[in-house]
Amino acid sequence: MLSYQHGYHAGNMADVHKHALLAVMLDYLARKEKPLTYMETHSGRGLYKLDGPEAAKTGEAAQGIAVAERLGWFPADHPYPRRLAEVRERFGRASYPGSPLIAALSLRRYDVMTLAELHPQEFAALEETMAPFRATVLRQDGMEMALSRTPPEPRRGMLLIDPSYEVKEDYAALPRFIGSIARKWNVGVVALWYPLLSGDPHREMMADLTRAHPDALRHEVRFPPARQGHRMVGSGMFILNPPWGTEDEARRLTGLFRSLK
Ligand SMILES: C[S@@+](CC[C@H](N)C(=O)[O-])C[C@H]1O[C@@H](n2cnc3c(N)ncnc32)[C@H](O)[C@@H]1O
């Protein structure tokens, strides 16, 4: 039974971290004319409203993207605010893009996009959001989808893995899953998002991953909890084959997040 709904968390500081890096990676990959594959295991609904009851209930976007924009973290020519501006123009001022929409707006018509989402309502919303774009949207387990389509055609491209960690077994399954993907697709950019929660439940998973993939980029930022007692105190990205420019952006984000006190 899936209960996580990203609408309550869209635009929070973890999204700012993940989506800024995602937009930078896709922007770089799309500079070459060669076609790309984009796959996502846990897609969410693709488009969120920051003036709805979900965002109001948690206040996470107000502590996230609203703060980043007020502090001027992203210059106008950065790929992340460019995607945000496109989404606001198309869907209204209070709209916020999920990762599938950031990807769709970064890719070209000849690129290939496959998105998995298991939650029935999130899947229906994702299908509707992605209808104007060329994307295959599947109501399927994300890891199953990615394994069955790896190595993808075209070979150039990326896989985003963004689980909700509702199922505690995810922590143990992810190193095995990423190992299998990397063996079958050694040129793929494979990006895993993970939360930094009090109690560090990610510690063992990250020890396994860093041991198995010593050349990967591991980037973590910390931020004040969105509300008192909230367990999430930071955000991590673990990236195999990070495209050129990703490390520079990660370094820049480290400085920006450090300034939050
Ligand atoms: C953190 S949200 C995704 C957010 C999205 N990647 C973004 O950045 O906009 C995780 C999503 O994974 C979905 N989900 C959970 N288990 C899944 C599974 N086994 N396969 C595919 N989707 C799953 C949840 O319904 C939820 O919508």
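Here, every reference points to the structure presented above.
Since the model is a prediction, treat every value here as computed from it, not as a measurement.

For the rest of this paragraph, the subject is the site of the ligand. Around the ligand, 20 residues are found, and the nearest of them are His19, Glu40, Glu117, Asp141 and Asp162. Contact between the ligand and Lys18: an oxygen atom at 3.0 Å from a side-chain N or O atom of the residue. Measuring from a nitrogen atom of the ligand, one finds a side-chain N or O atom of Asp141 at 2.8 Å. Compared with its free state, where it exposes 610 Å², the ligand has 95% of that area covered by protein. Here the ligand occupies the largest pocket. Residues that form the shell around the ligand fall into these classes: three nonpolar, 12 polar and five charged.

When two helices pack together, their arrangement is given by the angle between their axes and by how far apart the axes lie. Axis separation between helix H1 (residues 13–29) and helix H10 (residues 246–258) bottoms out at 10 Å; the angle between their running directions is 155°. Judged by the angle between their axes, H1 and H10 are roughly antiparallel. The hand of the H1/H10 crossing is right-handed. Note on element contacts: H10 touches H1 through Thr246, Glu249, Ala250, Leu253 and Phe257, opposite Met13, Val16, His17, Ala20, Leu21, Val24 and Met25.

On to the sheet that holds strand S1 (residues 37–40), then. The sheet built from seven strands is open, its strands ordered S5-S4-S1-S6-S7-S9-S8 with mixed pairing. If you trace the sheet from one side to the other, it starts and ends with strand S5 (136–138) and strand S8 (217–222), each paired once. Across the sheet, the axes of successive neighbouring strands diverge by a mean angle of 15°, strand direction being ignored. As judged from the eight bridges shared by strand S7 (residues 189–197) and strand S9 (residues 232–240), these two strands associate in the antiparallel manner. Residue pairing across strands places Leu192 opposite Phe238, the latter belonging to S9. This element, helix H8 (residues 170–184), spans strand S6 (157–161), S7 and S9 of the sheet and lies at about 165° to S7.

What counts, and at which threshold
Residues numbered from 1 in each chain as written. Predicted model: local features only at pLDDT ≥ 70, side-chain atom pairs only at ≥ 80, totals over all residues. Heavy atoms only, no water. Near = heavy atom within 4 Å. Polar contact = N/O pair within 3.5 Å; in protein donor to acceptor, adjacent residues only side chain to side chain. Areas by Shrake-Rupley, 256 points an atom, 1.4 Å probe, with all protein chains shown as cover. 1 Å grid on protein atoms, 1.4 Å probe; cavity = no way out; pocket = protein on both sides within 12 Å on 5 of 7 lines; lining within 4 Å. Sits in = over half its atoms within 2 Å of the grid points. Nonpolar A, V, L, I, M, F, W, Y, C, P; charged D, E, K, R; others polar. Axes fitted to C-alpha atoms, helices over the stretch in contact; angles between N-to-C directions. Helix = DSSP H or I, 4+ residues; strand = E, 2+ residues; numbered from the N terminus. Parallel < 35°, antiparallel > 145°, perpendicular 65-115°, else oblique. Left-handed = near helix turned anticlockwise from the far one by under 90°. Contact = heavy atoms within 4.5 Å. Pairing = 2+ DSSP bridges.

Note that all results are geometric; they support no functional claim without further evidence.
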